[in-house]
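For reference, the chains in residue letters:
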Amino acid sequence: MARILAVGIATIDIINRVSHYPAEDDEVRALSQKQVRGGNASNSLVVLSQLGHQCAWAGVLINEPDATVVEQDFDRHQIDYRSALRLNQGKMPTSYISVSEESGSRTIVHHRDCPELPFAHFKNLAVTDFDWIHFEGRNVEELGQMLHWLRQHYPGIPCSLEVEKPRAGIEDLFNLPDVLMFSRPYARSRGFDNAQALLKAQSAPGLMTCSWGEDGAWLRRGEAIMHSPAFPPARVVDTLGAGDTFNAGLISALVNDQTPKQALESACRLAGQKCGQHGFEHLSH
Ligand code: ADP
């Protein structure tokens with residue numbers, strides 16, 4: 001068991017299950033709808049908590065009715081959110097998601113009127129209470145201050161950074177975390193059409209992964225690059241949060257002193273298991 005803090009956003013996800021993804025200007029009826037807590041780092045925490053870790057979240061909560069969706073889910077998974085910054089203005093970030101039964105794909109429209117967690121708030125957290133700190137790669141300016149400060153004052157606390165989307169200046173932070181988790185959309189945005197090419201092009205000293213959907217994931221440590229295939233479930237029903245589950249599996253394995261190769265494989269196994277079910281409940285190694 002490790003104590004893990006994740007810094008990122010919590011969102012409200014309104015998920016419509018549809019038989020197939022509609023064409024533009026088309027109208028389809030949803031097979032079902034549910035409203036759940038989302039957000040990459042908080043998804044990863046829900047998985048980490050089920051893997052037996054003690055989890056805490058730092059992010060922004062707006063004092064409005066929808067925030068209870070987030071709070072109740074954190075409560076249910078014993079995720080400590082006392083470190084959250086609470087604001088009276090704004091709206092919890094909301095994602096409108098269509099999950100296609102036909103392909104398992106998820107298509108997202110996101111609405112946001114909520115500031116990012118500022119460094120000034122982060123630096124007052126009791127970071128020494130944690131064995132691992134995970135960051136979502138957003139708001140590069142504040143994130144940069146957090147990572148520099150952590151490296152300068154607490155170099156012994158391992159930390160990871162999820163790089164899901166291109167953000168101006170994020171590359172300047174790559175030397176700071178112990179683990180960098182890249183996504184396929186990020187790799188593509190940098191002009192790479194495979195994970196290995198992205199990983200080879202990096203000069204950061206830390207461990208790096210790049211997940212690639214049904215092709216599995218790659219990991220680079222020093223000059224060595226290794227691959228794990230995906231572990232497809234009997235039927236792919238929901239790939240939303242596969243990457244967040246992969247990241248949780250990776251962190252859990254590394255914090256439990258597994259080798260990078262073992263960690264890569266167990267992260268892919270866990271993410272594959274997730275793809276075979278809706279949501280993040282009952283996931284374990
Ligand atoms: P994201 O959720 O960010 O789009 P990916 O699609 O790269 O992330 O998926 C992360 C991991 O989840 C992959 O490395 C793979 O192990 C697993 N995964 C994703 N899609 C599938 C799938 N269709 N079948 C089996 N495993 C999958």
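Residue positions are given per chain, counting from 1 as you read along its sequence in written order. Note on the predicted model: pLDDT of at least 70 is required for a residue's local features to be given, and 80 or more for side-chain atom pairs to be given and counted; whole-chain, interface and lining totals, by contrast, use all residues. Water and hydrogen atoms play no part in the side-chain values, which are based on all heavy atoms of the structure.

**Q** Hey, could you go over the overall build of the chain for me, with residue numbers and the actual values?
**A** Helix numbers and strand numbers start at the N terminus; a helix is a DSSP run of H or I with at least 4 residues, a strand a run of E with at least 2. What the chain contains, in helices and strands, is eight helices and 15 strands. Rg of the C-alpha trace for the chain: 18 Å, near the compact-globule value of 19 Å for 285 residues, within the 12% margin. The principal-axis extents of the C-alpha atoms in the chain amount to approximately 55 × 45 × 35 Å. Total accessible area on the chain is roughly 13,100 Å²; 47% of this is exposed by carbon and sulfur atoms. Using C-alpha atoms as the atom set, the radius of gyration is obtained and then compared with a globule rule of 2.2 Å times the number of residues to the power 0.38. With residues, only the protein chains shown are counted as cover, and all accessible areas are computed by Shrake-Rupley using a 1.4 Å probe.

**Q** Can you explain the sheet that holds strand 9 (residues 106-113)? Please cite residues and give values.
**A** Pairing within the open sheet is mixed, and its four strands lie in the order 3-2-8-9. The outermost strands of the open sheet, each flanked by one partner alone, are strand 3 (32-38) and strand 9. Adjacent strand axes in the sheet meet at a mean angle of 20°, parallel and antiparallel pairs treated alike. At least two bridges found by DSSP between two strands are what make those strands a pair. Alignment of strand 2 (residues 11-18) against strand 3, held across seven bridges, turns out to be antiparallel. The residue of strand 3 that forms the bridge with Arg-17 is Ser-32. The convention used is that axes are lines fitted to C-alpha atoms, helices contributing only their stretch in contact, and that angles between N-to-C directions extend from 0 to 180 degrees.

**Q** Provide a residue-level description of unusual backbone geometry, including the pertinent values.
**A** Positive phi values are uncommon outside glycine, yet Asp-257 reaches one of about 65°. Relative to the elements of secondary structure, Asp-257 occurs in the loop between helix 7 (242-255) and helix 8 (260-275). Burial classes: relative accessible area under 20% of the type maximum marks a residue as buried, over 50% as exposed, and values in between as partly exposed (1.4 Å probe, protein chains only). Classification of Asp-257 by relative accessible area gives exposed; the value is 70%. Residues other than glycine seldom take positive phi values, yet His-282 does so here, at roughly 55°.

**Q** So what's going on with the packing of aromatic side chains? Which residues, and what values?
**A** Put simply, two rings from Phe, Tyr or Trp (the six-membered ring, in Trp's case) pair if the centres are within 6.5 Å, and we call them stacked under 30 degrees between planes, edge-to-face over 60, tilted for the rest. A full pass over the atoms with the stated rule returns nine aromatic pairs. Centroid distance Phe-119 to Trp-149: 6.1 Å. Interplanar angle 70°. Geometry classified as edge-to-face. Here Phe-119 is found in helix 3 (residues 119-122), whereas its partner Trp-149 is found in helix 4 (residues 140-153), with 30 residues between them in sequence. Each member of the pair Phe-119 and Trp-149 is classed as buried. With 5.6 Å between their ring centres and 55° between their planes, Phe-122 and Phe-135 make a pair best called tilted. Within this pair, whereas Phe-122 is found in helix 3, its partner Phe-135 is found in strand 10 (residues 132-136), the two being separated by 13 residues in sequence. Of the two residues, Phe-122 and Phe-135, neither departs from the other in class, the shared state being buried. By the ring-pair criterion, three or more aromatic residues cluster together here, those being Phe-119, Phe-122, Phe-135, Trp-149 and Tyr-154.

**Q** Give a description of helix 4 that names residues and reports values.
**A** Here the expected length of a helix is defined as 1.5 Å per residue gap, with one fewer gap than residues. For helix 4, spanning 14 residues, the distance from its first C-alpha to its last is 20 Å, which sits close to the expected 20 Å at 1.5 Å a residue. Among the residues of helix 4, those classed as buried are Val-140, Leu-143, Gly-144, Met-146, Leu-147, Trp-149, Leu-150 and Arg-151. Next to the buried residues of helix 4 lie strand 1 (3-7), helix 3, strand 10 and strand 11 (159-163). The contact rule is simple, with two residues in contact once any of their heavy atoms fall within 4.5 Å.

**Q** Which residues make up the site of the ligand, and what are the values?
**A** We call a residue near a given molecule or strand whenever any one of its heavy atoms falls within 4 Å of it. In the vicinity of the ligand there are 17 residues, among which Ser-211, Gly-213, Gly-216, Gly-243 and Ala-271 approach most closely. Any N or O atom pair separated by 3.5 Å or less is treated as a polar contact, with the protein-specific requirement of one donor-capable and one acceptor-capable atom, and with residues adjacent in sequence counted only for side-chain atom pairs. Taking Gly-213, its main chain carries an N or O atom lying 3.0 Å from an oxygen atom of the ligand. A distance of 2.9 Å separates an oxygen atom of the ligand from a polar backbone atom of Gly-216. Isolated, the ligand exposes 560 Å² of accessible area, and the fraction of that covered by the protein chains is 88%. The set of elements that each furnish at least two residues to the shell around the ligand consists of helix 7 and helix 8. Of all the elements, helix 8 adds the most residues to the shell around the ligand, at four residues.

**Q** Explain the pairing of strand 15 (residues 224-228) residue by residue, including any values.
**A** Look at any regular strand and the pattern is simple: side chains alternate between the two faces of the sheet. Relative to strand 15, strand 14 (residues 217-221) runs antiparallel, the two sharing five bridges. Bridging across to strand 15, Trp-218 finds its partner in His-227.

The analysis is restricted to geometry; functional conclusions fall outside its scope.
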